[in-house]
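Structural characterization, general
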Amino acid sequence: MSLVSNIFILFVALSVFVYYIVPKRCQWPVLLAASYVYYLTAGAEYLFFILFSTAVTYGSGRLIEKYMETDRKAAKRILIAGLVLNFAMLGGVKYTNFIVENINALFQTDIPGIGILLPLGISFYTFQSSGYLLDVYWKRTEAEKNPFRYALFVSFFPQILQGPIGRHSRLAAQLYESRTFEWNRFARGLERILWGFFKKMVLADWAAVFVDAIFTYPDYYRGLALFGVLFYSVQLYADFSGGMDVVIGIGQLFGITMDENFKRPYFATSITDFWHRWHITLGTWMKDYLFYPLSLSGWMNRFGRWGKKHLGKKMGRRLPICLANLVVFFVVGVWHGAAWKYIAYGIYNGVIIAFSGLMTDEYRKWKKTLKISGSERWYHVFMIVRTFILVNISWFFDCSATVGQAVRMMGYAVTSFTPAQLLTIPAGREGVAFTPYALAIICVGCVVVFIVSFLQERGVKIRETIAKQNFAVHFIVYLCLLLAIGFFGSTAEVRGFIYAQF
Amino acid sequence: MRSSKKTVMKAAAAFVLLAVILAGLDFLLYPCTFMRNDIHSVTTEAHDDIFMGTSHGKMNIDPDTVGEITGRSGHNLCVGGEYGIDVYYMAKLLTETQKPKRIIYEIDPGYFVSEKEEGNNYLLFYHEFPFSMAKIEYFFDAVLECDLRSAVFPWYEYSLSYEIESLPDTVSKKLGGDYGIEDFKSDTQEYHENGFVERYPVDTTTLPFTEPVLFSEEKVSAQNMEYLERLIDLCKEENIEFVAVTTPIPAVTLNQYPEEYGDAWDYFETFFEEQGVEYMNFNTEYYDLFPHEMINYTDYDGHMNGDAALRFSEILGIMLKDY
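Thresholds applied
- Residues numbered from 1 in each chain as written.
- Chains lettered and ligands numbered in written order.
- Predicted model: local features only at pLDDT ≥ 70, side-chain atom pairs only at ≥ 80, totals over all residues.
- UniProt positions renumbered as here; feature names shortened; annotations may be inferred.
- Helix = DSSP H or I, 4+ residues; strand = E, 2+ residues; numbered from the N terminus.
- Buried ≥ 20, exposed ≤ 12 C-beta atoms within 10 Å, placed from the backbone.
- Pairing = 2+ DSSP bridges.

As annotated in an unreviewed UniProt entry, chain B carries the name SGNH/GDSL hydrolase family protein and comes from Ruminococcus turbiniformis.

Per an unreviewed UniProt entry, the recorded name for chain A is MBOAT family protein, and the organism is Ruminococcus turbiniformis. The UniProt entry for chain A carries this comment under Sequence similarities (unreviewed entry): "Belongs to the membrane-bound acyltransferase family." The record held by UniProt for chain A lists under Subcellular location (unreviewed entry) the comment "Cell membrane".

So this is what it looks like as C-alpha cells:
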C-alpha cells in the first residue's frame, strides 16, 4: 500500500474516523488493528518477522526489568540475547545474499542465496525495538507490561515504512493516550501531509526522471554527471523529507507527535552538523546506542591511554572518538543496504568526521592566520557550500549502482560538462518536448522549498503563522498546495519512496 | 459546543467548495478522448457485436465492414493499453446498459505477459464510465491502488500537454454533449464513429524493425488470465456469445520469433478449448486467408493500414458469420 495511493488515503481516513468514534479505551487497539492491517497488505509472509521482533524484544524487556535489581549479569545476558536475536533476523534477511555473493566471488564457490524480499520496514522496527531494549536496560524507560500495547509501539503504521525511528519514552505514552478530535491539530496534520506530497510528487519525482537517466547511462550522459548528483540531492531530500512530512502529518491526525527527522540539512555547516539535521532519528539512535557506549567502553579507554602515551595528550583524547565515529558510520552505511557502495558511503562520512575531529586545532590556527572569527556571513555561506559539496560527493556512492560507477561519475563531474544534453532526456509521458517544462518545475520547486527552509532557518515559524490566520487563508493555502500537485506533479512513472526500500 | 458546530460547518463548506473546484477542473481539463465517444456509443446505442482488445483490434477491425457480411451492428471498443481488467469491467458496464449479443475479444499474446501500468491507463476507460455498479467495482478493483492523483486530478497526466486553446472546444463539446470525431484525425490516422481507427499507408521499406513483447508461458500474468476467465464466465452468465480472435501478424515478425509465437498460439488454443470458446487465430489455421506481407501493415507489430484492415474485416465477417 503505497503512501501516495488512493487506497492509503482511504485507509488513513477510515482509521482516523474509527479512532475518534470508538470509546476512548478502544483507541489504541484501533491503531494496533490498523497497523497490522497495513502490514498485512504488504504480504502475510512478512508478518512472522515483525511478530518475531515484537515477541523477542517484549519478552526480553520484561525479563531484563525482572532481573535488573536482583541479578544484573542475568539482565545483561538477556539484553545481549535479545539484541542478537533481533539483529540476527535483520542480518539474515538483509545481508545473507550480500555475504554469499562476496564469498562466491572470493572463493569461486556457488553457494545459493536466499529467495526472500526484504520485509516492509524491517530496518526501522528492528532499530526501534532494539533501542527499547537498551532503554529498559539503562532504565530510561519502563518495560511495557501489555504485549499488545508493545506491539503497537513496534508496528505503528505511519512510521513503519520509513521511520522516524521512535523512542519508547516519547512515543509509547502518546500511542496509548486517549484523545478527542481537535480541528486545529487535524488541520495542521493535513497541511503537513499536503506539503509532503508536494515535495514528493512535484520535486522528487520530476528530479528522479533526470537522475534515473543519468545514473542508468553514466557513460552516455557523462557530461551531466554534475547535474545528475545535484538532481539526486534534490530527489533524495524531497522524497525522504516529503515522506516524513506525510508520516508525521498522519501522526498528527491521530494526535500523535512523532520525532522530527529533518532540520533543513542543506543548511548544515559541516558533515557533523549535516548528520544532526538529516535522518535525525537514525543519527541520534547511533549516537545514543552505539557511539556513546563504544567511546565510553573500557577497551576504548585503554586505546585512549595508549594514544596519549604514544601520540600526545590531545591526540590520545581524540583518537577513541574518531574510531567510534568510523565504526558508527560504517554501521550507518551497512544499515542503508547490503552493498559495498553503501559501506563506502558510510566510511566516507565517517572519515570526514574523524578527520575533522583530528584537525580541529589546525583549523583553529588557519582561521586565526586568515583572521576569520567564524561569525562572518561569507564564512557561514562558505561552510554551507563546502558541506553541500561534500554531501554531494557522498551521494555519488548512494545513487550509483557500484563503487566503481560512483568513482567514474565523480571523474566525469569534473572533466565533462554538456548541460545541453539535459534537453535530450524525455520528461514523463510527453517525452523531450516537455523537458524544459520539467526542468522549470524543478527550479521553481527548489526555490519554493529553499525560501521556506531559509525562513525557518531564520526562526520564522511559518506553520504557526499560517495557523493564526483565519479559515479562508487556511483553505487557500491547502488549495494552492493541492492544485500545485495536480498541475505540476510528475507525469512520469509513479514511484515509491526511496527510503521504503531500507 | 457552538464553536465546534461552527468549525464543522466551515469544514463541510470547505469540503463542498473543494469538491466543486475539483469537479470544475476535471470538466475543463480532462480532454475529450475517443474513448469518451466509444463508451458513449456502446452505453447509449444497442450493438449486436462489440469488439474488444488492443490496438491491433482498433486498427485492424472495422465493425461496419464486418457488419455488412454478418448483418449485425457493431462497435470497436479496442484500444492500446486495454488489458483484461479493463475489458472485464467494460463488459460489465455493457451488461448494465446495452447488452450486446456477442463480444469478440482480440487476443494479443504480449498483453498476457506484461503488467498494466498504473494511472492514466485505467483512467482512459474509468473516467468515461457513466455512474454504475461497474464503475464502482472498477474503482475498488483497479483505481484504488493507483496514485492519489488519479482520483483527485484525473487530468493530471494531460496537464503538461493540454493545449489551452482547445479549452473552449472541450467545454462546448462537454456542455453540448457533442461527440464529433473531427478532432481525432491526424496525419497518420483517422478515427471513425464505429470506433475503428484507420491508419494511412506508410512506406514499409523504411520502417524500423520493432521488437514485439514476446510471449513465454512462464511469464504469463495470473491476473491477466484471471480477468480473461472472469470475462468468459460473465458472458456465459449473461448469455452473451464470446469469440476470441488474433489478428494477422506480418510474416517477417512471425518468422523472426517462431518459437515465442508458436508457444503463444499453443497456449491460447489449449486455454480456449478448455473454456469451450471459439478461437480464430489468423496466424495458424487461418493463416492463408490473409496475406501477411509488410505492404499491408504500418509497422512490424501488426497494425494494418486502412485498406488492409477493411479486407481483413471482410474475412473476419465471413468467419464470424459462418463459424
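This paragraph deals with unusual backbone geometry. All names here are of chain A. The amide bond that connects G163 to the next residue, P164, takes the cis arrangement and shows omega of 5°. For P164, the position within the fold is in the loop between α7 (157–160) and α8 (168–176). Here R264, not a glycine, exhibits a phi torsion of approximately 45°, which is positive. Take R264: it is sitting in the loop between α10 (225–253) and α11 (271–277). For R264, a count of 17 C-beta atoms within 10 Å puts it in the partly exposed group. Of note in this structure, K371 is not a glycine but carries a positive phi near 55°. For K371, a count of 7 C-beta atoms within 10 Å puts it in the exposed group.

All names here are of chain B. Residues of strand β1 (residues 49–52) alternate between two faces, with D49 and F51 on one and I50 and M52 on the opposite face, all of them buried. Bridge count for β1 against strand β2 (residues 74–76) is 3 bridges, and the pairing is parallel. Of the residues in β2, the one forming a bridge with D49 is G74. Summarising the sheet, β1 and strand β3 (residues 102–106) pair through 4 bridges and their orientation is parallel. Looking across to β3, one finds that M52 is bridged to Y105.

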